[in-house]
Amino acid sequence: MTNHQSPNSKSVVILGAGAWGTALAKLAAINGHQVHLWSRQESLSLETVLENAQIVLSAISMKGVRDVASMVKSFPVCPQTIFVSATKGLEPQTTYTPSQIWQATFPDSPVVVLSGPNLSQEIAQELPAATVVASKNTNAAQTVQLVFSSSRFRVYTNPDPVGVELGGTLKNVMAIAAGVCDGLHLGTNAKAALVTRGLTEMVRIGNCLGAKTETFYGLSGLGDLLATCNSPLSRNYQVGYQLANGKTLQGVLANLPGTAEGVNTCRVLMEIAQQQSIAMPITEQVYRLLEGEVTPKQALDQLMLRDIKPEFDNFSTEQMW
């Protein structure tokens, strides 16, 4: 997938030819970069695609990240190659984020996280959107920023990759809850309360995992949360919505196009919460719903009947539901 090449053209490899990978490939190609879109079904070998790659962007589902990273490692890759992770999720066995897997596989290479309110169908239609690229390596983030920025896709840089990545990961659990809220027709007041308290919960978890609070009030946190909790295009929202309408989780997932990462993420988060004693009331009820322990209505009652308390604990930024 190559458009007219610009003088500053980069060789970009996109791993994963789903809706998200394809949308990102199109953005880079429109900017004049040499783009190769690869999937496991691709006839072109991974070794051939990776030859001279300057940017390798992973847009594969969470469950495939470690395998594909190992495959990439088995071929010669330039030490200056920038790895970009556009996957949202947590690895069950290690609780690693996708970028942590890439960084562990390529410890000496720059790794960048790309995340934001980016529903791939809208980006494919060339509707306006914005995203964030985050890395400890400022130059790497700026390089990726230039590759994907356009008049339809505004790209910001951020020095907090953990926060940017967790924002995109944690909001998927809240999107399941938002889908339940709409599926039960609970109204705008309930939805606003849920999303606001969901953001509080995301900040609390994020802080425990090393993320900066302010990152969650940006595009990759609040921005992505609003997009995913309010759009029927969101797979995670659809999970909650259909569960609220009496479907089984197995039935919902079987008919879903692509992966709803929030289902797996929720399970991993519960492990983290128990290990580190983090209060996560919304995540806990979503988990219980997904496990079939409660109905959507019972999950709601559990949240509404919690002990009453101040919104802000001792006027600090630490908020509790």
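A few points on the structure. Quick caveat, the model's predicted, so the values are computed rather than measured.

**A closer look at the environment of Tyr237**
- Looking at the element boundaries, Tyr237 is found in helix α10 (residues 235–244).
- Sequence separation between Tyr237 and Gly198 is 39 residues, and the spatial gap between their C-alpha atoms is 14 Å.
- If sequence neighbours within four positions are ignored, Tyr237 has contacts with Ala175, Ala178, Gly179, Asp182, Lys191, Thr228, Cys229, Ser231 and Pro232.

**Structural notes on the pairing of strand β1 (residues 11–15)**
- Summarising burial for β1: five of the five residues are buried, a large majority.
- Burial along β1 is two-sided: the residues Ser11, Val13 and Leu15 and Val12 and Ile14 are all buried.
- Pairing of β1 with strand β2 (residues 34–38), which is carried by five bridges, proceeds in the parallel orientation. Bridge pairing in β2 places Ile14 opposite Leu37.
- Taking the sense of rotation as the criterion, the β-α-β connection linking β1, helix α1 (residues 19–30) and β2 turns out right-handed.
- Bridge analysis of β1 against strand β3 (residues 55–58) gives four bridges, and the strand direction is parallel. Opposite Val13, over in β3, you have Val56 as the bridge partner.

**With respect to helix α6 (residues 138–148)**
- Listed as buried for α6 are Ala140, Ala141, Val144, Val147 and Phe148. The buried residues of α6 occupy an angular sector of 120° when the element is viewed end-on, so they sit on one face. Opposite the packed face of α6, turned more than 90 degrees from it, sit the exposed residues Asn139 and Leu146.
- Its side-chain oxygen at 3.2 Å from the backbone nitrogen of Asn139, Asn137 defines the N-terminal cap of α6.

**Overview of the sheet that holds β1**
- Across the sheet, which stays open at both edges, the seven strands sit in the order β2-β1-β3-β4-β5-β6-β7 with mixed pairing between neighbours. Looking along the sheet, the strands with just one partner apiece sit at the ends: β2 and β7 (153–158). With strand direction ignored, the average angle separating the axes of adjacent strands in the sheet is 20°.
- Direction of pairing for β3 relative to strand β4 (residues 82–85): parallel, over a ladder of four bridges. Paired with Ile55 across the bridge in β4 is Ile82.

Reading the values: the criteria
- Numbers given to residues run from 1 along each chain, matching the order in which its sequence is written.
- Per-residue local features of the predicted model are confined to residues with pLDDT of at least 70, and side-chain atom pairs are confined, for both listing and counting, to 80 or more; whole-chain, interface and lining totals are unaffected and use all residues.
- Side-chain measures were taken over the full set of non-hydrogen atoms in the model, leaving aside hydrogen atoms and water.
- Only DSSP runs of H or I reaching four residues or more are called helices, and only runs of E reaching two or more are called strands; each is numbered from the N terminus.
- Any two residues having at least one pair of non-hydrogen atoms within 4.5 Å are treated as being in contact.
- Only protein chains enter the accessibility calculation, which uses a 1.4 Å probe; a residue whose area is less than 20% of its type maximum is buried, one above 50% is exposed, and one in between is partly exposed.
- When DSSP finds two or more bridges between a pair of strands, those strands are recorded as paired.
- A crossover gets the label right-handed when its path from the first strand over the helix to the second runs clockwise, viewed with the strands pointing away from the viewer.
- Arc, as used here, means the arc of the directions from the helix axis to the C-beta atoms.
- We call two N or O atoms a polar contact when they sit within 3.5 Å, provided that within protein one can donate a hydrogen and the other can accept it, with sequence-adjacent residues counted only if both atoms are side-chain atoms.
- Geometry is summarised by axes, namely lines fitted to C-alpha atoms with helices restricted to the contacting stretch, and by angles between N-to-C directions that run from 0 to 180 degrees.

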